[in-house]
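The lines below spell out each chain.
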Amino acid sequence: MIQFNSVGKTYAKGRTALHDVSFLLGRGEMAFLTGHSGAGKSTLLKLIAAIERPSIGQITVNDMSLGRTRRRDIPALRRSLGMIFQNYKLVEDRTVFENIALPLIVSGEFDRNEIGRRARAALDRVGLLDKERDYPASLSGGEQQRVGIARAIVHRPQLLLADEPTGNLDPALSREVMMMFEQFNDLGTTVLIATHDYDLIERMGYRVLTLSEGRMIGQERLMHS
Ligand code: ADP
């Protein structure tokens, strides 16, 4: 669940990226976030993940109020969400298995057997169990993004955030990635996907949050004419 109440973000150098943004994305909902380049999409996702702090307003994510979040509470917030990026952000000198296991190792919550079991379950979910010993550079773009998705879901987050996840993929692979998001959403995960891909948005028929110059100018489902 994500709630923004009159949120603004001005970066240190004085550029205001978001103005007075309010919206609610309920638990289990799936929505797109769209707008031109520079509209504030990445900033909005970074505020949700507590990578940036709001300049004004309140943000609640998965029942945690980010305004009051202390540094030591941030790991709990991060564990409750998974992030997927346009350029995958895989660690090139680690195998597929290691890339996925890394967040579990860092969290210190699980022993080796449990880490192996969970990492393989995540790989199985994205259909890449046979690639666990490969390095990212030997995979296609679509496969690398599937590794990115497996890494984002390995700790079973309540919320998935994706920043232009299909930006480097052709239409067939984009559809495949979107179907994976739909499957996670069907299992109850809240999903928010930032994208410019209006074809995809129209075809899929979910709610669309639209930013323009840092303002939220629409937040309803697109109506088909
Ligand atoms: P989008 O993801 O929609 O392209 P961004 O959130 O990246 O938009 O950017 C919104 C505005 O904030 C842009 O004008 C951008 O230049 C500015 N901005 C983004 N990140 C920073 C930063 N770290 N420091 C200063 N300005 C930034």
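Above this text sits the structure in question.
Scope of this entry: the structure provided in the associated data block. Residue positions are given per chain, counted from 1 along the sequence in the order it is written. Since the coordinates come from a predicted model, pLDDT governs what is reported: local features require at least 70, and pairs of side-chain atoms require 80 or more to be given and counted, while whole-chain, interface and lining totals use all residues. Processing note: side-chain calculations cover all non-hydrogen atoms of the structure and skip hydrogens and water entirely.

### Some remarks on the overall build of the chain
Piece 1. Broken down by element type, the chain carries 7 helices and 10 strands.
Piece 2. Here the globule rule is a power law, 2.2 Å times the number of residues to the power 0.38, and the radius of gyration is based on C-alpha atoms. Taking 2.2 N^0.38 as the reference for a compact globule, 225 residues should give roughly 17 Å; the C-alpha atoms of the chain span a radius of gyration of 17 Å, in line with that estimate.
Piece 3. Across the 225 residues that make up the chain, the buried fraction comes to 47%.
Piece 4. The contact definition used throughout considers only heavy atoms, calling two residues in contact when any of these lie within 4.5 Å. Contacts spanning at least 24 positions in sequence make up 69% of the contacts within the chain whose residues lie at least 6 apart.
Piece 5. Charge counting follows a simple rule: Lys and Arg are positive, Asp and Glu are negative, and His as well as the terminal groups are ignored. In plain terms, the charge of a residue is placed at NZ if it is Lys, CZ if Arg, CG if Asp and CD if Glu. The chain carries 30 positive and 27 negative side-chain charges, and their two centres are separated by 7 Å. By the criteria applied, helices consist of DSSP H or I runs no shorter than four residues and strands consist of E runs no shorter than two, each listed in order from the N terminus. Whether a residue is buried, partly exposed or exposed follows from its accessible area with a 1.4 Å probe, protein chains only, as a fraction of its type maximum: under 20%, in between, or over 50%, in that order.

### Considerations on the sheet that holds strand S8 (residues 190-194)
Piece 1. With mixed pairing, the 6 strands of this open sheet are ordered in space as S6-S7-S8-S3-S9-S10. Every other strand in the sheet has two partners, leaving strand S6 (81-85) and strand S10 (215-218) as the edge strands with one partner each. Recorded for the sheet is a direction-independent mean angle of 20° between the axes of neighbouring strands.
Piece 2. Sheet topology places strand S3 (residues 30-34) next to strand S9 (residues 207-212); 4 bridges connect them, and they run parallel. Bridging from a neighbouring strand, Phe-32 pairs with Val-208 of S9.
Piece 3. Axes here refer to lines fitted to C-alpha atoms; in helices the fit is confined to the stretch in contact. Angles between the N-to-C directions go from 0 to 180 degrees. Strands S6 and strand S7 (159-163) of the sheet are contacted by helix H5 (residues 141-153), whose axis makes an angle of about 165° with S6. Any two strands with at least two DSSP-identified bridges between them are counted as paired.

### Focus: the sheet that holds strand S5 (residues 64-65)
Piece 1. Ordered in space as S2-S1-S4-S5, the 4 strands form an open sheet in which the pairing is antiparallel. A single partner strand is all that each edge strand has here, and the edge strands are strand S2 (16-25) and S5.
Piece 2. Judged from the 6 bridges that link them, strand S1 (residues 2-10) and S2 form a sheet pairing that is antiparallel. Paired with Thr-10 across the strands is Thr-16, a residue of S2.
Piece 3. In this fold helix H1 (residues 41-48) packs onto S1, S2 and strand S4 (56-61), with an angle of close to 120° to the strand it touches most, S1.

### A few points about the pairing of S8
Two faces, one strand: in a regular strand the side chains alternate between the faces of the sheet.
Piece 1. Counting buried positions along S8 yields 5 of 5 residues, so the element is predominantly enclosed.
Piece 2. Bridging between S3 and S8 involves 4 bridges; their strand directions are parallel. Residue Leu-33 lies in a different strand from S8, and its bridge partner there is Ala-194.
Piece 3. Two elements, S7 and S8, share 5 bridges in a ladder whose sense is parallel. Residue pairing across strands places Leu-161 opposite Leu-192, the latter belonging to S8.
Piece 4. Orienting the strands away from the viewer, one traces the path from the first strand over the helix to the second; a clockwise path indicates a right-handed crossover. In this fold, S7 hands off to helix H6 (residues 171-186), which returns the chain to S8; that crossover is right-handed.

### Overview of the layout of surface pockets
Piece 1. What the largest pocket holds in volume is close to 560 Å³.
Piece 2. Every element with two or more residues in the lining of the largest pocket is listed here: helix H2 (74-79), S6, helix H3 (96-107) and H5.
Piece 3. Only Asp, Glu, Lys and Arg are considered charged, only Ala, Val, Leu, Ile, Met, Phe, Trp, Tyr, Cys and Pro nonpolar, and every remaining residue, Gly among them, polar. Residues of the lining of the largest pocket, tallied by class, amount to 12 nonpolar, 3 polar and 4 charged.
Piece 4. Estimated volume of the second largest pocket: approximately 200 Å³.
Piece 5. Per-element accounting of the lining of the second largest pocket gives the leading share, 4 residues, to helix H4 (residues 112-125). A 1.4 Å probe that fits but cannot get out identifies a cavity on a 1 Å grid over protein atoms alone, an open set with protein on both sides within 12 Å along at least five of seven lines counts as a pocket, and a residue lines either if it has an atom within 4 Å of a point. Grid points are joined across faces, edges and corners, and a volume is the space filled by probe spheres set on the points.

### Quick notes on the packing of H3 against H5
Piece 1. Contact pair H3 / H5: the axes reach a minimum separation of 8 Å and the direction vectors enclose 25°. Compared by their axis directions, H3 and H5 come out roughly parallel. The handedness of the crossing between H3 and H5 is right-handed. Packed against H3, whose contacting residues are Val-96, Asn-99, Ile-100 and Pro-103, the element H5 presents Val-147, Ala-150 and Arg-151 at the interface. Any angle that falls under 35 degrees is termed roughly parallel, while one over 145 is termed roughly antiparallel, one within 65 to 115 roughly perpendicular, and all others oblique. A crossing counts as left-handed when the near helix is turned anticlockwise from the far one by less than a right angle, and as right-handed when that turn is clockwise.

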